[in-house]
Structures are given as structure tokens and as C-alpha cells.
Protein chains: 2
Amino acid sequence: MILDLASQARQASNLMASLPTERKNQALEAIAKALAREESQIISANLADIKNAQADQISPVLIKRLKFDGVKLQSVIDGIRSLIQLPDPVGKVLDATELDSGLNLSKVSCPIGVLGIVFESRPDALVQISTLALKSANAVLLKGGSEAAGTNRVLADIINRAALEAGIPVGWMGLLESREEVSAMLALDEFIDLIIPRGSNAFVKYIMDNTRIPVLGHADGICHVYLDDPCDPEMAIRVAVDSKCQYPAVCNAMETLLIHRSVAVDLLPRLAEAFGANHVELRGDEVCQAMIDCNPATNEDWATEYNDLVLSIRVVDSLDEAIRHINTYGSGHTDAIVTRSEDHAGQFMSLVDSANVFWNCSTRFADGFRYGLGAEVGISTNKIHARGPVGLEGLVIYKWRLAGEGHIVADYASGKKSFIHRKTS
Amino acid sequence: MILDLASQARQASNLMASLPTERKNQALEAIAKALAREESQIISANLADIKNAQADQISPVLIKRLKFDGVKLQSVIDGIRSLIQLPDPVGKVLDATELDSGLNLSKVSCPIGVLGIVFESRPDALVQISTLALKSANAVLLKGGSEAAGTNRVLADIINRAALEAGIPVGWMGLLESREEVSAMLALDEFIDLIIPRGSNAFVKYIMDNTRIPVLGHADGICHVYLDDPCDPEMAIRVAVDSKCQYPAVCNAMETLLIHRSVAVDLLPRLAEAFGANHVELRGDEVCQAMIDCNPATNEDWATEYNDLVLSIRVVDSLDEAIRHINTYGSGHTDAIVTRSEDHAGQFMSLVDSANVFWNCSTRFADGFRYGLGAEVGISTNKIHARGPVGLEGLVIYKWRLAGEGHIVADYASGKKSFIHRKTS
């Protein structure tokens with residue numbers, strides 16, 4: 001079953017690379033219209049999923065994520081319409097060189113091939129991911145949360161049919177329904193080119209340990225703000241509070257505040273007051289405990305993603321110590337410095353080994369939509385391929401096209417001809 | 001031991017990201033000078049390795065690869081001098097956007113971090129790879145072939161000392177000496193960001209199966225040339241012969257020739273003559289066997305990298321059939337079409353899912369130096385990060401730098417401010 005789906009996806013992907021932009025956009029428009037037309041079918045499938053989930057005593061938080069009503073439907077349809085407006089990520093000439101007269105090389109973006117995507121309970125993810133795959137001409141195998149199985153089946157069916165009618169190859173999208181199929185998928189490195197897991201860190205690590213297929217993964221967001229000497233105290237407080245409190249449950253919220261000893265005396269009491277007003281529990285190192293009223297922080301705190309109104313605080317003696325702390329305990333996601341020194345900011349942004357390195361602004365800006373990418377596949381803490389907020393360009397790679405007039409290597413090896421290597425892009 | 005080396009490499013890498021271009025180039029120049037100065041030490045270590053290899057009855061082919069004489073030394077020194085001339089791959093602004101007034105985002109290239117490289121008997125690889133790592137500001141752990149252990153130890157020592165004296169951080173380069181250390185290295189995903197194996201396919205697959213660390217790998221080179229209808233017969237023969245015979249032992253040499261039925265009648269006998277003159281054994285499908293004198297080809301032949309003067313030939317009925325054959329049996333390395341039809345060439349280059357897709361030229365052009373990349377890390381058949389001949393840019397990734405003036409997300413969430421997303425690069 002899964003082998004059939006994967007093999008069909010591979011065959012579809014072998015045809016999709018040459019889909020014209022208009023065909024892909026027409027298919028996306030057809031999907032948007034079909035979803036709107038089938039609203040009542042989608043919502044009744046979702047109500048059935050919710051009823052089952054309630055009967056299974058699934059937590060209200062999960063049920064809230066599972067819910068797919070008219071508002072959510074409109075929001076994914078709006079998302080598809082914006083996706084149509086984005087430039088085609090396939091077929092971009094990234095580089096071009098004339099190797100010799102009549103021998104022209106170009107490096108051109110192309111789809112990756114077949115994506116395997118495993119996501120959590122939210123059914124909107126199915127719509128987003130399948131349409132991102134279509135725009136980038138990738139075939140896709142999808143596995144959603146089991147609580148949303150009914151909703152996902154209806155959504156996948158509507159999307160698949162609309163796309164096929166618009167001329168997208170059969171098999172471009174496959175829906176997996178069991179955990180066993182996910183395990184089976186991890187072994188199919190001949191058919192699947194990239195796995196994108198969306199879920200807990202433990203889940204992402206499990207995937208990485210059990211497949212030879214490359215994984216576009218996301219680890220914890222243990223983000224830091226470092227308040228340097230010299231810094232503007234008002235700005236420091238504003239950025240720190242926004243980084244922690246604007247939306248504490250997400251991966252780009254601050255978990256640890258680092259503060260230079262020489263500004264701590266003045267700033268820490270004011271920070272404690274600001275965080276107190278926002279109901280944040282503070283956990284400080286010994287120096288911090290001597291300056292403000294807070295709970296003690298342990299080494300474990302430095303390595304913890306609270307995702308909650310809890311903040312660890314450490315007083316450091318230098319910029320270097322702050323950078324070392326971040327490179328030791330951080331997760332390579334997003335880290336910010338507040339400083340008046342351009343030199344310190346430059347060192348921080350070069351030496352902190354994170355996907356997003358910020359100066360005088362909130363960690364919460366690390367997001368594909370805020371960055372203007374137009375669409376977000378996810379936030380990657382990988383060190384290869386794609387890092388930080390990943391837009392459509394994370395779903396493409398490139399190939400080298402070389403066009404000649406009967407050119408052969410023997411002529412260059414013998415010295416009869418020689419390369420000119422003239423950049424033409 | 002390996003843990004110490006890996007941990008030191010990680011620490012060094014955390015400092016290397018901010019190395020100025022001049023410092024790196026000075027270190028490279030110091031390495032080139034030190035290698036020239038220590039020529040006699042290097043050559044005597046190599047002679048000892050060769051003596052041991054001969055005593056161990058190692059094959060003459062391997063001993064030839066192991067040999068590191070004055071000519072090879074001069075060639076790696078010349079390589080370092082060219083590397084110095086190349087632009088710094090670190091610190092390039094790949095993209096820049098003004099998110100709002102005073103809030104500026106840039107996507108800037110940076111080193112990957114720590115590379116783990118396992119290579120075969122040639123000691124020149126140690127010099128090439130360590131200097132490529134230095135230029136791209138990556139720390140590196142290296143493991144060479146055990147036959148070359150003595151030469152590698154001397155080379156690594158000279159390179160390491162010259163670099164340290166020129167101000168490169170301690171620990172930037174570590175030499176592993178046993179197979180056990182390679183196995184241990186595969187588990188160190190906290191310290192190592194990318195593994196680059198150079199060796200047999202079985203070896204590369206073994207690495208991929210035994211590590212969570214991303215692998216920049218290279219699979220077989222089962223390369224094809226497809227002679228289309230219509231094509232120029234002289235050009236077809238010239239390109240086919242060069243692709244097979246110019247250097248048959250390498251991964252970008254042709255292994256299978258596909259030919260359209262309607263041009264086969266005229267072309268196959270002429271091809272048989274040309275390949276015969278080059279001592280190539282031909283293995284054809286049934287149609288081919290009826291047209292020329294050749295051995296029978298089996299399905300196994302379509303999936304075999306001969307690396308030798310053997311060629312399988314299949315007659316096909318259409319462009320589509322040729323593309324399907326290549327996507328089924330090929331290795332995604334390099335495939336060429338010879339055709340007079342621009343439309344056929346376009347379809348072939350879009351739909352053949354290979355790193356290098358060529359029109360009217362030899363497969364043997366797939367090479368970093370011929371492409372003008374200036375340096376070659378290897379040829380990748382990966383579908384993410386880097387594909388085809390990989391130059392220095394395959395050893396870097398990027399980070400997102402955001403500089404503000406105290407900007408916070410709450411202002412955008414509340415609607416008080418809005419993003420402008422103006423491209424500035």
C-alpha cells in the first residue's frame with residue numbers, strides 16, 4: 001500500500017518537474033474553489049472527528065487544534081490565493097557561465113522530488129503543505145494526526161481530485177493513515193527525497209535516527225536575549241519583555257536572559273518589575289539572586305525550553321561569556337543582543353551559531369511571514385540546505401544544464417581548446 | 001580521544017566564523033610555504049608508507065594512488081595558491097529586506113561548523129580538504145586510508161602548525177587514525193554538522209545508515225547518452241565516444257547508450273566501428289543484437305557502473321522511453337541527449353532527474369574545474385543542499401541577521417505598525 005503510494009509519487013514527480021507555472025496556479029485555484037464548494041462536507045467530517053476525540057477524552061487543547069470550521073477554511077483558502085501570487089520557485093537561473101564558445105552552463109532551480117511530511121493534529125497543515133508542494137512541483141506523501149483522520153481524508157480527497165482535473169499527474173499526493181505506514185516510509189529512500197517532520201523534538205529525533213533519508217528538522221527553541229554593556233535600558237526592557245511575553249508558547253520566545261554584570265545593578269530590578277507585571281516566574285543564578293527576588297536556576301534551566309511564563313536569568317562578565325553560554329546551551333534557533341556597540345553586535349552576530357541572530361529587536365521576529373518569505377514551510381535548525389524560517393525555496397534544489405554543439409572533453413585534455421569561464425548571469 | 005578532538009573542533013569552529021579573509025589567506029600561504037619547506041620529510045614518510053604497503057602486498061593501483069612525490073606536492077601547493085585567489089565564501093549577503101523603517105534583515109553566508117571527512121588512500125586529499133575547510137572557516141576532522149597513515153600524520157602536523165602560527169584557533173583540524181574512531185565519530189551529532197565520505201558506494205551507504213549527521217554523499221555514476229531522432233550522426237558518434245572512452249574509470253563516464261530506433265539502423269554500425277577501434281566491449285538489448293555484433297545485455301547491465309571499457313546499449317522507441325529508462329536505472333549523476341530538436345532537449349533536461357543534464361556535449365564535462373568553480377569538494381548526488389560538482393559554496397550555509405532600533409512584535413500584532421518588506425539587495 002505505502003509502497004504503491006510511494007512508487008506512484010515518484011512517477012508523478014518525474015513528470016511534475018516540467019509543469020508550466022500557469023498549470024500549477026490553475027490547479028491551486030481549482031483547489032481553493034473546491035474547498036469552498038465542499039465546506040459543509042469538510043465541516044461535518046471535522047465535527048465527527050471532534051465527537052470521537054471528546055468520547056476518547058482527548059484534551060481540550062488538542063481538540064481546539066483539531067477544530068476546522070468556516071473561519072479556518074477561509075484562512076487556508078486565503079493562503080492558497082497568496083501562494084498563487086508568489087513567483088514560481090522552479091526554473092530560476094541561479095548562475096550561468098559560458099565555459100567556451102557555444103558551451104553554456106546554467107544552474108537552474110528544480111523540485112526536490114518526493115517529500116514525506118508528518119504533521120500533528122491541525123488539519124489546516126494538510127492544506128498548507130500539499131499546496132506548497134504543488135507550487136514547487138514536488139510530489140508529497142502526508143501523514144496527519146490520527147484524531148483528524150476523517151477531516152484529513154475529506155480534505156485530501158478534495159485537493160487531489162481538483163488537482164488531477166487541472167492536469168497534475170496521478171499519484172502526486174498520497175495520504176498515509178497509520179503509524180506503521182510512517183515507519184515503512186522511513187525505509188523508502190529510493191522513493192522519498194526529503195522528510196519534513198512537524199512535531200515534538202523527541203519525534204523529530206526519532207525520525208532522524210530511523211531513516212537514511214535527509215530530514216528537514218526543527219529542534220527546541222531555547223532562545224536568548226543578552227543585555228550588553230552599554231545598552232539603552234528602556235530598549236533592553238522593551239525587547240526582553242516582548243521576547244518573553246508577547247507569545248510565550250512558541251519556539252521563538254526567549255527562555256534565558258543574559259545580562260552584563262555592570263548593567264545588572266541598575267537593570268535587573270526594573271526587569272523584575274516588568275516581568276512581575278506580566279506574571280513571569282524568574283529563576284536566577286547566584287549573582288542574580290543577590291540582586292532581585294527570584295527562584296534559583298540550575299544548569300538544567302539553561303537547557304530547558306519552558307514555552308511558558310518562566311524565565312531563567314544569568315549574569316555574565318563579558319560579551320564572550322554570553323556568546324559561550326549561548327553556543328553551549330542554546331538550540332541554534334534565535335538569539336538577540338541589545339547593545340549600543342556596533343562592534344559588539346557584529347561579534348555577537350558572527351559568533352553566535354544560530355539560524356537567527358538579532359541586534360536590538362525581539363526574538364519573536366523570527367518567522368517566515370514577518371521575514372516576508374510569503375509562505376513558511378517551517379523553521380529549520382539544520383546546518384545544511386535551509387536554515388531558519390524556510391519558504392518555498394527550501395522545497396527546491398538545482399540541477400546543472402549544459403548545452404553544447406558537439407563539444408567533447410578530449411579537445412580540452414589535449415590542449416586543442418581551452419575554457420573561458422565567462423560569467424553570463 | 002575522538003571526543004576530545006571533536007569537542008576541540010567545535011570550540012575552534014565557534015571562533016572561526018569571524019576570521020577575517022586576510023587571516024585565512026595568510027594561513028593558507030603559510031601552509032603552502034611550510035609544505036614546500038618540509039618536502040624531504042613528507043617524501044620520506046611517504047616512501048616508508050609505500051615500503052610497508054609493498055610488504056603487505058597491496059595492489060599496484062593502490063600504491064600508485066598512495067604515492068606522494070615532488071610532483072604531487074607541487075600540485076597541491078599550486079592548488080592552495082589558487083584557493084587563496086578565490087573569493088571568500090563566508091559573509092556574502094545573499095538577500096536583504098527592509099522589514100520596516102530601521103528594521104533590516106539580511107541572509108548572510110556562514111560556515112557550516114565542523115566537518116567530518118573520510119577519504120581514501122590519496123594523501124593529496126588531506127591537503128585539499130583541510131585547506132578548503134580553512135578557506136570556508138570550518139573546523140575539520142579527517143580520516144584517511146590506513147596505508148597512508150605515516151604520510152597523513154606528517155602532512156596534518158605541518159598544516160596544523162602553520163595554521164596555528166598564522167592565528168587559526170587551536171583544534172580546528174583533527175586527524176583520526178583508526179576505523180573505530182570513524183564509527184565513534186558517526187555518533188557525535190552534537191559536535192559534527194556534516195559528514196563527507198569519499199569512497200565506494202557501499203562505504204557511503206554504510207555511513208548514511210549509521211549516523212544521524214547529514215551526509216554529503218556521492219552514489220554511483222551510471223551515466224547515459226541518448227541519441228535522439230533527429231540528431232547529427234557525426235556529433236552523436238563524437239559525443240558518445242568521448243563520454244565512454246576519454247577516461248572510462250571515472251564517475252562521469254557513460255555506462256549506457258540509448259538510441260532512438262529510427263536512427264539506430266544508420267548509426268549503430270558506425271558506433272560499433274568507433275567503439276571497436278577504442279576496444280570497448282558492447283552489450284546490447286535484443287534489437288541492438290539484431291543490428292550489430294555484440295554481447296547480450298541483461299537488466300543487471302542497466303544498473304551497473306562498469307568504470308571500464310564496457311558499454312551497454314538499448315534501442316528505444318521514444319524520447320519518453322529514454323527518459324523513463326534513465327530515471328529508472330540511472331544514478332542521478334550525469335545524462336546527455338544528442339538531438340537537433342530544442343524542444344526534445346528542453347524536455348530531456350527538465351524531466352531527467354539528475355544533477356547534470358547535458359545537450360549535445362560529453363558527460364565528461366561534469367566536473368568542478370571544468371564548470372569553473374575553482375575548487376571541487378566532490379560531486380554530490382544528494383537532492384538537498386548541494387548537487388553535482390560542489391565548490392566552496394557547498395561548505396557554507398547562511399544565517400539570518402536582523403538589526404533593529406528596539407523593535408518589538410507587539411507593535412505589529414496590535415496593528416500599531418505594519419511591515420513594508422522592501423527588497424534592498
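Please refer to the structure higher up on the page.
Below is a summary of the structure that appears in this document. Everything quoted here is computed from the prediction, not taken from an experiment.

Description of the nonpolar core
- Counting 244 residues, the largest nonpolar core has Leu-35 and Phe-275 of chain A together with Leu-35 of chain B as its most contacted members.
- Non-local contacts of Leu-35 of chain B, meaning those with residues more than four positions away in its chain, are made with Ile-42, Leu-73, Ile-77, Ile-80, Val-127, Leu-155, Ile-158 and Ile-159 of chain B.

So, the environment of Arg-198 of chain B
Residue and element names in this part refer to chain B.
- Here Arg-198 lies in the loop between β6 (194-197) and α9 (201-209).
- Each C-alpha atom of the pair Arg-198 and Lys-135 lies 20 Å from the other, and the pair is 63 residues apart in sequence.
- In this structure, Arg-198 is in contact with Val-118, Phe-119, Glu-120, Ala-125, Gln-128, Ile-129, Glu-376, Val-377 and Gly-378, ignoring residues within four places of it in sequence.
- Within polar-contact distance, the side chain of Arg-198 engages the backbone oxygen of Val-377 at 2.6 Å.

Let's talk about helix α7 (residues 149-165) of chain A
Residue and element names in this part refer to chain A.
- With 17 residues, α7 extends 24 Å from end C-alpha to end C-alpha; this agrees with the ideal 24 Å at 1.5 Å per step.
- Burial in α7 covers these residues: Gly-150, Thr-151, Asn-152, Val-154, Leu-155, Ala-156, Ile-158, Ile-159, Ala-162 and Ala-163.
- Residues of α7 that are buried in the fold lie against α2 (21-37), α3 (39-55), α6 (124-135) and β5 (173-176).

Some words on the environment of Ala-322 of chain A
- Relative to the helices and strands, Ala-322 of chain A is located in helix α14 (residues 319-329).
- Among all residues touching Ala-322 of chain A, those that are not within four sequence positions of it are Tyr-226, Leu-258 and Val-316 of chain A.

Brief notes about the sheet that holds β6 of chain B
Residues and elements named next belong to chain B.
- Across the sheet, which stays open at both edges, the four strands sit in the order β5-β4-β3-β6 with parallel pairing between neighbours. Each having just a single partner strand, β5 (173-176) and β6 make up the two edges of the open sheet. Along the sheet, successive strands turn relative to each other by an average axial angle of 20 degrees, direction set aside.
- Pairing of strand β4 (residues 139-143) with β5 involves four bridges; the strand directions are parallel. Bridging across to β5, Val-140 finds its partner in Met-173.
- Sitting on the sheet, helix α8 (residues 179-186) touches β3 (114-118), β4, β5 and β6, and the angle it makes with β3 is about 140 degrees.

Some details on the relation of the copies chain B and chain A
- Of the transformation placing chain B onto chain A, the axial shift is 0.0 Å and the rotation is 180 degrees, giving an RMSD of 0.1 Å. Classification of the inter-copy transformation places it as that of a two-fold axis. Within chain B, the C-alpha atom positioned nearest to the axis of rotation is that of His-385 of chain B, 1.9 Å from it.
- The share of interface residues of chain B whose copies in chain A are also at the interface is 99%, consistent with both copies meeting through the same surface.

Re the sheet that holds strand β2 (residues 103-111) of chain A
- Spatial strand order, β17(A)-β1(A)-β2(A)-β16(A)-β13(B)-β12(B)-β7(B)-β8(B)-β11(B)-β9(B)-β10(B): 11 strands in an open sheet with mixed pairing. Looking at which strands have only one partner, the edges of the open sheet turn out to be β17 (422-423) of chain A together with β10 (295-296) of chain B.
- For strand β12 (residues 334-338) of chain B and strand β13 (residues 356-361) of chain B, the ladder comprises four bridges, and the chain directions are parallel. Of the residues in β13 of chain B, the one forming a bridge with Asp-335 of chain B is Val-357 of chain B.
- Across the face of the sheet, helix α10 (residues 233-245) of chain B comes into contact with β16 (396-407) of chain A together with β7 (223-227), β8 (254-260), β11 (310-316), β12 and β13 of chain B while running at roughly 120 degrees to β16 of chain A.

Thoughts on the interface of chain B and chain A
- Between chain B and chain A, the residue contacts involve 73 residues of the former and 72 residues of the latter.
- At the junction of chain B with chain A, the criterion picks out six salt bridges.
- Where chain B packs against chain A, one counts 49 residue pairs in polar contact (both at pLDDT 80 or more).
- It is strand β16 (residues 396-407) of chain B that contributes the most residues to the side of chain B that touches chain A, 11 residues altogether.
- Per-class residue counts for the side of chain B that touches chain A are 38 nonpolar, 18 polar and 17 charged.
- With five bridges connecting them, β16 of chain A and β13 of chain B associate as parallel partners.

Describing the pattern of salt bridges
Residues and elements named next belong to chain B.
- Taken as a whole and judged by the stated rule, the model has 46 salt bridges over all chains.
- The salt bridge partner of Asp-193 is Arg-10, with a shortest N-O separation of 3.0 Å. Remark: Arg-10 occurs in helix α1 (residues 2-16) and Asp-193 occurs in the loop between α8 and β6; sequence separation between them is 183 residues.
- On the basis of relative accessibility, which here comes to 9%, the residue Asp-193 falls in the buried class.
- Residue Arg-10 is classed as buried on the basis of its relative accessible area, which comes to 13%.
- When the shortest N-O distance is used, the salt bridge between Asp-353 and Lys-383 registers 2.8 Å. On the criterion of sequence distance, the pair formed by Asp-353 in the loop between α15 (342-351) and β13 and Lys-383 in the loop between β14 (378-380) and β15 (388-390) is long-range, its members being 30 residues apart.
- On the basis of relative accessible area, Asp-353 is assigned to the partly exposed category, the value being 22%.

Focus on the pairing of strand β9 (residues 281-284) of chain B
Residues and elements named next belong to chain B.
- Only one face of β9 is buried, namely the one carrying Leu-282 and Gly-284, since none of Glu-281 and Arg-283 on the opposite face is buried.
- Where β9 meets β11, four bridges bridge the pair, whose relative direction is parallel. Its bridge partner being in β11, Leu-282 is matched across the sheet by Leu-311.
- The sheet contact formed by β9 and β10 spans two bridges and is parallel. Across the sheet, residue Gly-284 finds its bridge partner in β10, namely Pro-296.
- Of the crossover connections in this fold, the one passing from β9 over helix α12 (residues 286-291) to the parallel β10 is right-handed.

Calculation criteria
- Residues numbered from 1 in each chain as written.
- Chains lettered and ligands numbered in written order.
- Predicted model: local features only at pLDDT ≥ 70, side-chain atom pairs only at ≥ 80, totals over all residues.
- Heavy atoms only, no water.
- Core = buried A, V, L, I, M, F, W, Y, C linked by side-chain atoms within 4.5 Å.
- Buried < 20%, exposed > 50% of the residue type's maximum accessible area, 1.4 Å probe, protein only.
- Contact = heavy atoms within 4.5 Å.
- Helix = DSSP H or I, 4+ residues; strand = E, 2+ residues; numbered from the N terminus.
- Polar contact = N/O pair within 3.5 Å; in protein donor to acceptor, adjacent residues only side chain to side chain.
- Expected span 1.5 Å × (residues − 1).
- Pairing = 2+ DSSP bridges.
- Axes fitted to C-alpha atoms, helices over the stretch in contact; angles between N-to-C directions.
- Least-squares fit on C-alpha atoms with pLDDT ≥ 70 in both.
- Salt bridge = Lys/Arg side-chain N within 4 Å of Asp/Glu carboxyl O.
- Nonpolar A, V, L, I, M, F, W, Y, C, P; charged D, E, K, R; others polar.
- Right-handed = clockwise from strand over helix to strand, strands pointing away.

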